[in-house]
Amino acid sequence: MSQQASEQVYSHYIGGEWHDGAGEETFESVNPATKESLGEFQRGTPEDVQTALDAAEEAKEEWRDLSYVNRAEYLWDIYHELRERTDELGEVITKECGKEISEGKADVVEAAHMVEWAAGNARHPHGDLVPSEIPSKDAYMRRKPRGIIGCITPWNFPVAIPFWHMALALVEGNTVVWKPAEQTPWCGQIIAEMFEDAGIPDGVFNMVQGFGDAGNAIVEDERVDTVLFTGSSEVGHKIAGKVGGEPGKLAACEMGGKNGIVVTENADLDVAVHSAIMSSFKTTGQRCVSSERLIVHEDVYDEFKERYVATAKEVSVGDPLDENTFMGPMVNEEQVEKFGKYNQLAKDEGANVLVDREELDDDEIPDDHEKGFWVGPFVYEIDYSPDLRCIHEEVFGPHVALMSYSGDIEEAVEIHNDTPYGLAGAIISEDYRQVNYFRDNAEIGLAYGNLPCIGAEVQLPFGGVKKSGNGYPSAREAIEAVTERTAWTLNN
Ligand code: NAD
């Protein structure tokens, strides 16, 4: 399935084979720019998940007993394929989830970075040799794989996030059962084909297509040692709650955000406007780090507002395969409805609307794309109040609140921190005292200074606090979720 879906109904990949599922139901992958079907996929059932877990269980011991370097070889093959096929896969991502083409390709590059980092990790130190109180004793910490890792991923980074979950888990010696997001099964199919092409031993990597019921079956099965989840806080908290009651089992949940950018009185406004535009509208506001709150000092508020609003009115919404497009469509009707509901809520809560492109004019929609899930930016100003829902709940769309503050950085950070979430945030300021104050006091896991509030480095932990994370970030720190540690002492 390298270029375009065909008439075939695509199945699951279990135990090294394409596996017809137990259920009768199928579902479609839909291009959000055109509403055209991209292919039909079997809908996985809890029974299919059991079959995948049987395969993962059977493969566990042999895989664990290979060396790190041996296991990494399979990932290096995939790394090269991701690099060679970046343009082609970027196009698939764009067709399936609607983000514009440079972002589609960047998704593949980010996947390659993660695979490179995880495979490279096979030659890095994996524990600590520590001094013992007894001179004849060696004392050190050793890591071992946890066993079976269940991976449940969202649609908005349909290639990068699965590799964030799976690459390190596999190199560390675990087997994997993965459920891709129901909106992006085509990307799931291609990733499974990559593992097949790499010749990974049967049962080490397994993929079951489907919806939340299949995800839930992964969460509930006692053979799963760790659940790696990325998605909404609503689902993540349910998963963490279920797994929390099972001794020895772990759930690492990366969840939503209501992210803010603080613009102080001495900020470089070119940087501030660029940061806010990128963070609010790239991926049509459907990134976990997208910024829906701009907290701007009153001394620069009017100028910032004028420039930001002028740009928001002009950002191009259009064919995501066109390199000149800034924003593609939203992913589906459900997201469009949610966006509309929150725009109305903001109006009901007293917003002064500055940009309302919720329903685009006919001439703003590409000619042959009239059917897609098209929306444009919705921007408003509102007086900060702790009681407003519109500035506290994640919309996951191009819905942005501008708020001013008059005091010092302490006031800005207090407003910034007043959300139940704690994923990402940025400060735009030329004053190092203010930057440092934000760094030390913003309640977030990902902090950006004088940068757009988007982007990730695989060498750093990626994750949030409060309602956005449960203490197990992805990327570098994911090793804590996919390995166990043994304290080993040996008398010589
Ligand atoms: P979602 O929570 O609706 O779905 C995520 C995955 O969970 C899907 O594969 C889905 O099928 C599965 N799922 C749904 N119900 C389940 C259940 N009861 N048990 C087990 N699995 C279940 O999220 P989404 O709409 O795909 O993605 C958008 C959300 O993800 C946003 O809130 C966004 O902020 C968040 N997100 C977070 C990060 C991060 O790193 N923190 C990254 C990307 C997206």
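Given the structure is predicted, the values throughout are model-derived calculations rather than measurements. (Residues numbered from 1 in each chain as written. Predicted model: local features only at pLDDT ≥ 70, side-chain atom pairs only at ≥ 80, totals over all residues. Heavy atoms only, no water.)

## A look at the sheet that holds strand E7 (residues 137-145)
Stage number 1. Read across the sheet, three strands follow the order E6-E7-E24 without closing on themselves; strand pairing throughout is antiparallel. Two strands in the sheet have a free side with no partner beyond their single neighbour: strand E6 (128-130) and strand E24 (483-491). Strand-to-strand twist in this sheet, taken as the mean axis angle between neighbours without regard to direction, amounts to 20°.
Stage number 2. Relative to E24, E7 runs antiparallel, the two sharing nine bridges. Looking at the pairing, Tyr140 lines up with Trp488 of E24. (Pairing = 2+ DSSP bridges. Helix = DSSP H or I, 4+ residues; strand = E, 2+ residues; numbered from the N terminus. Axes fitted to C-alpha atoms, helices over the stretch in contact; angles between N-to-C directions.)

## Overview of the pairing of strand E16 (residues 378-381)
Stage number 1. The alternating pattern of E16 places Phe378 and Tyr380 on one face and Val379 and Glu381 on the opposite face, and all of these are buried.
Stage number 2. With four bridges connecting them, strand E15 (residues 352-356) and E16 associate as antiparallel partners. Considered in E16, the bridge of Asp356 is made with Phe378.
Stage number 3. Bridge analysis of E16 against strand E17 (residues 399-405) gives four bridges, and the strand direction is parallel. Bridge pairing in E17 links Val379 to Val400. (Buried < 20%, exposed > 50% of the residue type's maximum accessible area, 1.4 Å probe, protein only.)

## Quick notes on the confidence of the model for the protein
Stage number 1. Averaged over all residues, the pLDDT of the protein is 95; the fraction at 70 or higher stands at 98%.
Stage number 2. As a predicted assembly, this complex carries a pTM of 0.97 together with an ipTM value of 0.98. (pLDDT = per-residue confidence, 0-100.)

## Focus: the packing of aromatic side chains
Stage number 1. The tally for this structure, following the rule as stated, stands at 15 aromatic pairs.
Stage number 2. Seen from their ring centres, Phe304 and Tyr308 are 5.5 Å apart, and the 10° between their planes marks the pair as stacked. Residue Phe304 and its partner Tyr308 are located together in helix H10 (residues 298-314), separated by four residues, close to a single helical turn.
Stage number 3. Here Phe304 falls in the buried class, since its relative accessible area comes to 0%.
Stage number 4. Three or more aromatic residues joined by ring pairs form one cluster here, namely Tyr13, Trp18, Phe163, Trp178, Phe195 and Phe205.
Stage number 5. Sitting above the plane of the Phe211 ring, Arg43 keeps its charged end 4.2 Å from the centroid. (Phe/Tyr/Trp six-rings, centres within 6.5 Å; stacked < 30°, edge-to-face > 60°. Lys NZ or Arg CZ within 6 Å of the ring centre and 35° of its normal.)

## Things to note about the sheet that holds E15
Across a sheet, paired strands are connected by hydrogen bonds in the backbone, their directions being either parallel or antiparallel.
Stage number 1. Taking strand neighbours across the sheet as the criterion, the seven strands line up as E15-E16-E17-E14-E13-E19-E20 in an open arrangement whose pairing is mixed. The sheet is open, and its two edges are formed by E15 and strand E20 (446-449), each paired on a single side. For this sheet, the mean angle separating the axes of adjacent strands, direction not counted, is 20°.
Stage number 2. The pairing of strand E13 (residues 259-263) with strand E19 (residues 424-428) spans four bridges and is parallel.

## Quick word on the nonpolar core
Stage number 1. Judged by nonpolar contacts, the single largest core of 106 residues is most densely connected at Leu82, Phe163, Phe205, Val263, Phe304 and Tyr308.
Stage number 2. Ranked by residue count, the leading element in this core is helix H5 (residues 160-171), at 10 residues.
Stage number 3. For Phe163, the residues in contact, after removing those within four places along its chain, are Ile78, Leu82, Ala111, Met114, Val115, Ile191, Met194 and Phe195.
Stage number 4. Formed by 28 residues, the second largest nonpolar core is a distinct cluster that contains Ile295, Met330, Leu345 and Tyr380. (Core = buried A, V, L, I, M, F, W, Y, C linked by side-chain atoms within 4.5 Å. Contact = heavy atoms within 4.5 Å.)

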